[in-house]
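Take a look at the letters that make up each chain.
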Amino acid sequence: DGAKAAMHLGTLLHLGAGQWQRGEGVALPTSWTDDINTGGKPGEVLTVRLDDFDPEVVRRAEWLLDRYVKHYGPQPPSSWNVVSSEEWLYRDFGSGVGKWTLVGRTDGAVRIDGQLWLLERKSYGSKGRLDYVGVDPQLACYCLLYEAKYGERPFGVIYDGIYTYQW
């Protein structure tokens, strides 16, 4: 309930939309593995089961994913060349005792007409979240992390905002 239900809904939407971007459809699997730990950091690979989620949250996710396909189509646009999906990125800063590592997991990257675009997917219950998307530090960090790993700065970010209100 509350924030936990919203987080679980976001997890299921991420799963279905991630499958969509890989051309696998949006149907939620009965189980899957993931290595994201509490706090959004890499962790132990765990098996997650759909029946671990509240049935009402699953129903809402399935309804929203059905709407997603009705709006965007059964697969990504043919102009998309999917480069990655759910990829961990790291960059070290400092040295010695002051050394630290910035970590993030992008929702993916695609090439469109030769330009590299990062994908960022967010679900939200109120549209106020869109007010700061242009200055979201997470998106800037992901661009820097991608550039550090591959030597190429993304041209931009495709922000996939999923408004969770059922209409």
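Everything below is about the structure printed above this text.
The model shown is predicted, which means the values in this text are computed figures rather than measured ones. (Residues numbered from 1 in each chain as written. Predicted model: local features only at pLDDT ≥ 70, side-chain atom pairs only at ≥ 80, totals over all residues. Heavy atoms only, no water.)

Draft legend 1. The arrangement of the packing of aromatic side chains in detail. Under the criterion given, the structure shown has ten aromatic pairs. A ring pair is formed by tryptophan 20 and tyrosine 68, whose centres lie 5.3 Å apart and whose planes are at 85 degrees; its orientation type is edge-to-face. Of this pair, tryptophan 20 sits in helix 1 (residues 3-21) while tyrosine 68 is found in helix 2 (residues 55-72), placing the two residues 48 residues apart along the sequence. For the pair formed by tryptophan 20 and tyrosine 68, the shared burial category is buried. (Phe/Tyr/Trp six-rings, centres within 6.5 Å; stacked < 30°, edge-to-face > 60°. Helix = DSSP H or I, 4+ residues; strand = E, 2+ residues; numbered from the N terminus. Buried < 20%, exposed > 50% of the residue type's maximum accessible area, 1.4 Å probe, protein only.)

Draft legend 2. Here's a closer look at the packing of helix 1 against helix 2. At a closest axis distance of 9 Å, the pairing of helix 1 and helix 2 adopts a crossing angle of 35 degrees. Where helix 1 crosses over helix 2, the handedness of that crossing is right-handed. Contacts from Ala5, His8, Leu9, Leu12, Leu13, Gly16, Ala17 and Trp20 in helix 1 reach Val57, Val58, Arg60, Ala61, Leu64, Leu65, Tyr68, Val69 and Tyr72 in helix 2. Looking at the contact of helix 1 with helix 2 residue by residue, the class counts come to 14 nonpolar, two polar and one charged. (Axes fitted to C-alpha atoms, helices over the stretch in contact; angles between N-to-C directions. Left-handed = near helix turned anticlockwise from the far one by under 90°. Contact = heavy atoms within 4.5 Å. Nonpolar A, V, L, I, M, F, W, Y, C, P; charged D, E, K, R; others polar.)

Draft legend 3. Quick look at the environment of threonine 11. Relative to the assigned elements, threonine 11 resides in helix 1. Residue classification places threonine 11 among the partly exposed positions, given a relative accessible area of 34%.

Draft legend 4. View of the sheet that holds strand 4 (residues 100-112). The strand order across the open sheet built from four strands is 3-4-5-6, with neighbouring strands paired in mixed fashion. Strands at the two margins of the open sheet, each flanked by one partner only, are strand 3 (80-93) and strand 6 (156-163). When strand polarity is set aside, the average angle formed by the axes of neighbouring strands in this sheet is 35 degrees. (Pairing = 2+ DSSP bridges.)

Draft legend 5. How the structure looks around the nonpolar core. With 18 residues, the main nonpolar core has Leu9, Leu12, Leu13, Leu28, Trp32, Leu50 and Ala61 as its most contacted residues. The set of elements that each furnish at least two residues to this core consists of helix 1 and helix 2. Contact partners of leucine 9, with chain neighbours within four places excluded, come to Val57, Arg60, Ala61, Leu64 and Thr164. Listed in part, the eight residues of the second largest apolar core include Leu89, Leu116, Tyr142 and Tyr146. (Core = buried A, V, L, I, M, F, W, Y, C linked by side-chain atoms within 4.5 Å.)

Draft legend 6. Looking closely at helix 2. With 18 residues, helix 2 should cover 26 Å at 1.5 Å per step; its first-to-last C-alpha distance of 25 Å lies within 8% of that length. For helix 2, the full list of buried residues reads Val57, Val58, Ala61, Leu64, Leu65 and Tyr68. Down the axis of helix 2, the sector holding all buried residues measures 130 degrees, keeping them to one side. Opposite the buried face of helix 2, at more than 90 degrees from it, the exposed residues are Pro55 and Lys70. Residues of helix 2 that are buried make contact with helix 1, strand 5 (115-124) and strand 6. Looking at the residues trailing helix 2, positive phi occurs at glycine 73, about 100 degrees. (Expected span 1.5 Å × (residues − 1). Arc of directions from axis to C-beta.)

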